[in-house]
Structure formats: C-alpha cells, structure tokens
Amino acid sequence: MKQTPEQSEILNRIHIQILIRLLLVVLSIFVILIRGAEQSKNSPFNPSYILLVSIGILNLVYILILNRIVFLERFVLIQAIIDTFWVTGLIYLTGGVLSNFVSFYFFAILTSLIIVRVHVPMLITSLSITGICSVSLAYFFAEHFQFRLFGVHPFWISSFGGNLNFIVAYLLAQIISFVLVAWLGSYLMFSLTQVKIVSEEILDSMADGIITFDKFDQLVFINQKARSILGFSSESKILGTALKMLKKTNEINELFWSLFERRERLTREIVLHKESSQEIWIKINISLIFGAKNKIRGLVAVLNDLTFEKQMGRAMTLAIKLKGIEELAAGLAHEIRNPLASIRGAVQELEDELPKKHELILIALKESDRLNQIITDFVQFAHVTKRMQTVSISLYSLFKEIQNLLNFQYKNASIEWNLACDPLIYVSGDEPQLRQMFLNLLLNAIEAVDFSGKISIRAFHSPSEEFLHITPHEGIQIEIEDNGHGLTEDEQKHLFIPFYTTKKGGTGLGLGIVYRIVKAHEGNIKVKSNSGRGTTIIIWLPR
C-alpha cells in the first residue's frame, strides 16, 4: 500500500511509541520485582505481572499488524485509550496514589499527541483523571471500611494512610499537571505542524525544484519537483546521502551534481537526459548558506524547469516557418496547377502522334502526376486550419477503419497490429483531417518496419499537465509505436519541417500536415525514438 508522507510520519511515531511502551513494561516488571522482594516475601506472585506481560504481548501484536492498518489516527487513539486503562490497572495493583507508576499517565497523554487535534489529548487527560480518582476512592473506602480490594496486596492498603486532605491535594496537583501537559503538548504540536507547513510542505508544493546540502555535502532537503526532475521516487531513500554518492548513483545527471562540488554561487542552464531519451532543460541557481561568523553552513539550489518554454520556443520557430510556407503554398499551387494541366494535356496529344517516343511520354506523364501530387499536398497543407467542422469522433472506430483500409491496400505486408483503445473514448475534431493525420502516421509506421513488423496504437484519457507541464485540461493521449529502424536525434529535430524527408521520392509534407492538424485542434505532438529501436509518436488532443 502506497503511503502519503503524513502517514509515513505517523507510522514512524507509532514505532517509537511502541518501543517506549515495551521499555516501560520491562522497567515496571523490574521495579515490581524489587519492591515485591522487600514487601511481600511470602507471596511472590503479583497480578501486576499478568497485566504487564499482556501489554507486552499486545505491543508485539501491534508490530505485526501495523503495516496493515489503514486508519492510523484511529489506531493511535485506541492505543492511547488502552494505555490509560493499563496504567490505571497498574496503579490500582501497586499502591494507588503511592504507586511509582502514576507518571505513566503522562506517556498515555503524550501518545495521543501524535494526532494533532486538541480534543484527543483532552479526552485521554479526562480518562487519566477519572482513573486516578477512581483508584484513590477505592483505596480510601477500602481502608476506612476495612474490606479487601480484588488483586491488591494488603500491604498497599495499610500503606495508603487515608489522609483525606493529602489525597485531595495530591489529586488536585495531578489533575493540574495532566491538563497542563495536555494543553502545552497540543500547543507545541500545533506550532510544530505550522512550522512544518511553512518550512517543508509549502516548499514541497512549489513549482520550482529546491535542493539543500549541509556543510558536509549531505543532502538534507529535496522537494517533490526536484525529485521529479532528477528521477528520484522517494525522499526518504536519498536524504542524508553524500554528494559524491549521488554523483555515482545518478550518472545521468553527473554534470548537474558536479556544479555543487564547486561550492560557489552560480547560475547555469543545462540539459538533463533521462533514460527514456527525454531532454529536460533546467535553469539552476546555486547559493551558499552562511551562518555565524560568515561560515558556510551549506548550499541551496533552485531548479527552474525550462522544458516547456524551450518546447514552446521551438514550436513558435516552426510555426513561423510554416506560416511562410503556407502563404507560399497557397500562391504557388494556383500558379503551377493551371500550366501543369496544360502541359499534361499537350503530352497526351503527342502520344498519339509520336508512338516511338512512348516511353519518354510515360515518364513525362508520371512526373507530371507526381508534381500534381506535391501541389495537392501543398494545398492540403495550406488549408488545414480552414473549414474545420468539429464533431465527436470514436477513436476506436476511426482506427479500425484505417486499419482495414491499410490491410486491404497492403495485402502482401506482414503487419502485427495491436490496438488498445476503449470504444467509449471520443475526441472532438474534424473527422477528415484526423483520418488523414492518423493515416499519414500509420503509413509512415508501415514503411518504417519495411512492411513486416509490429505496430501498436494506444489511446487513453490523460490530463494535459503530464504532456505539456501546464494547467491541467482533460484530453486524450494517442500513441503510435512501431519496432522499425527508428530515428536519429538530428532526424527528430527536423521531423515536422516541410520538405524534410528521409524517404526516397517523398515530398516531406506528410508529417508537416500532421503537425498542422494537431495544432489546428489545439493539441500537441512529440516523438520518442532511438536509432534501431523503433519510434513512438505521441499526440495529445483536448476532449
């Protein structure tokens, strides 16, 4: 079961509490053994042993079931109530107000402070007051009316004294001390909680990463954002780790850790490479922490994640290029298509008159058709954002339709399809454009696996902050993965730029059209690929 930081902290306190309780049980048995030898040589057996051994066994049970407890605060409350009762029982069996174990009530009260609520310590305090007053009254009546209390040795009754003024004064002093301990404990725990919220929880919730090292180069604080950037899953596993050890174990970010070894103030932008080949741009500001007499006490670093800004910068640069090409495409398509139609018609007329030049004429017709296809792609590229008709589209049905089309078109291909998409997943968009987008991507995937390989299509609900690192919006994430030859880093950088192609005879407009369609639908697209290990195209579209 995954635990929150608050639950882990409560769990640690409970472990300490159980250990202290076991020590108190052992101490109590030791004290009773000594006093029993002095005061009751004829009766070595003492019912207190049964009570204390039972509490010891109960604590062992606590240890066994602790990790299975869901409601830890309720568990703490139950333990505190049981502690109050067994302390009352121990005092009852060992002399009442004269018992050496009255101070154990403070343990029960302090135990309840694990739950930072004022009414819980006050409840345990009330039970403690009720317990000690009840025992005192029982002893008072037993001495005055000469009857024996069950389980209590006569020695304790005779030692009680029965001085009513002393008993009242003693009980009043105990009541005041119980209430003061409960109130002061509650106040201190509340104050500590406030300090923790300010010093840790606010820092842990910040959008920037924060890392702190002490003067011995040991990690003393790292917030959630910093752990996410550097790829650490848990804070508790790395706190106290030396800088040199972090540098060895976290080799991906070796350059990052090297900056701390300088022990100087600096600002630097660096790129971190994760195991998934993902690049994370961060701006790191390292400052020195000075203490008394201007001595260095440690280092603090603020990590600003620039990845989204860098991605947006690249997207803006690409958008400017695409805008210029869009305007060029719109003009050239009109200017070239009309003369091209005339040229093709003239070549067809020549075919009848020059039969001997049939092969040359076929080449001319083929190339004119290819040029016409480029112009068609140009027109489609230029008009992606125009005349969009948004409807609700079932992605499952759309993918099945495209899959059947490609299976029919490439009958001789050996493609293993893996479609993981809930039939109830719908997305809003222009159906012809989305069909063209996914068709282009799946055609590329088929060619990437050389018409024989595995292609996986996955679609699932995903908030936008996981994809874009911005304010979350509900959307759909689509992943198209192939096990083909993959892409180099240079190819990935130029992938969506028009006219850039790695295919023989390709126009280089297919993925440019895909990019334009994604942006027209207010989505985003990115690529994960390693040369020789396949490619995954990831698209996020709003619902």
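Quick summary incoming for the structure in this document.

Parameters and conventions
Residues numbered from 1 in each chain as written. Predicted model: local features only at pLDDT ≥ 70, side-chain atom pairs only at ≥ 80, totals over all residues. Heavy atoms only, no water. Helix = DSSP H or I, 4+ residues; strand = E, 2+ residues; numbered from the N terminus. Expected span 1.5 Å × (residues − 1). Buried < 20%, exposed > 50% of the residue type's maximum accessible area, 1.4 Å probe, protein only. Arc of directions from axis to C-beta. Patch = residues over 30% accessible without salt bridge, like charges linked within 9 Å, V, L, I, M, F, W, Y side chains within 5 Å. Areas by Shrake-Rupley, 256 points an atom, 1.4 Å probe, with all protein chains shown as cover. Salt bridge = Lys/Arg side-chain N within 4 Å of Asp/Glu carboxyl O. Axes fitted to C-alpha atoms, helices over the stretch in contact; angles between N-to-C directions. Parallel < 35°, antiparallel > 145°, perpendicular 65-115°, else oblique. Left-handed = near helix turned anticlockwise from the far one by under 90°. Contact = heavy atoms within 4.5 Å. Nonpolar A, V, L, I, M, F, W, Y, C, P; charged D, E, K, R; others polar. Pairing = 2+ DSSP bridges.

**What about helix H2 (residues 47-65)?**
Step number 1: The end-to-end C-alpha separation of H2 is 28 Å, in line with the 27 Å expected for 19 residues at 1.5 Å each.
Step number 2: Taken residue by residue, H2 has Ser-48, Tyr-49, Leu-52, Ile-55, Gly-56, Asn-59 and Tyr-62 as its buried positions. Take H2 and look down its axis: the buried residues cluster within an arc of 140°, on one side only. Facing away from the buried side of H2 by over 90 degrees, the exposed positions are Ile-50 and Leu-64.

**Some words on a nonpolar patch on the surface**
Step number 1: A cluster of nonpolar residues, Leu-172, Ile-176, Leu-180, Trp-183, Leu-184, Tyr-187 and Leu-188, forms a patch on the protein surface that exposes about 730 Å² of accessible area.
Step number 2: Relative to the helices and strands, Leu-184 is located in helix H7 (residues 164-204).
Step number 3: Owing to a relative accessible area of 41%, Leu-184 belongs among the partly exposed residues under this scheme.

**Some thoughts on the packing of H2 against helix H3 (residues 72-93)**
Step number 1: Interhelical geometry of H2 versus H3 gives an angle of 165° and a closest axis separation of 9 Å. Between H2 and H3, the interaxial angle falls into the category roughly antiparallel. For the element pair H2 and H3, the recorded crossing hand is left-handed. Between H2, through Pro-47, Ser-48, Leu-51, Leu-52, Ile-55, Leu-58, Tyr-62 and Ile-65, and H3, the contact on the second element is made entirely by Phe-75, Gln-79, Ile-82, Trp-86, Gly-89, Leu-90 and Leu-93.
Step number 2: The class makeup of the residues in the contact of H2 with H3 is 12 nonpolar, 3 polar and no charged.

**Quick notes on the pairing of strand E2 (residues 219-222)**
Step number 1: Bridging between strand E1 (residues 209-214) and E2 involves 3 bridges; their strand directions are antiparallel. If you follow Thr-212 over to E2, its bridge partner there is Phe-221.
Step number 2: Turn length for the E1-E2 hairpin, with the two strands adjacent in sequence and antiparallel, is 4 residues, and the turn residue Asp-217 shows positive phi of about 65°.

**Remarks on helix H13 (residues 395-409)**
Step number 1: Compared with the 21 Å implied by 1.5 Å per residue over 15 residues, the 21 Å span of H13 between its first and last C-alpha is a close match.
Step number 2: Those residues of H13 that sit buried are Leu-395, Leu-398, Phe-399, Ile-402, Gln-403 and Leu-406. Seen along its axis, H13 keeps its buried residues to an arc of 130°; they face one direction.
Step number 3: Tucked into the core, H13 has its buried residues touching strand E6 (390-394), strand E7 (414-421), strand E8 (426-430), helix H14 (431-448), strand E9 (452-461) and strand E10 (475-482).

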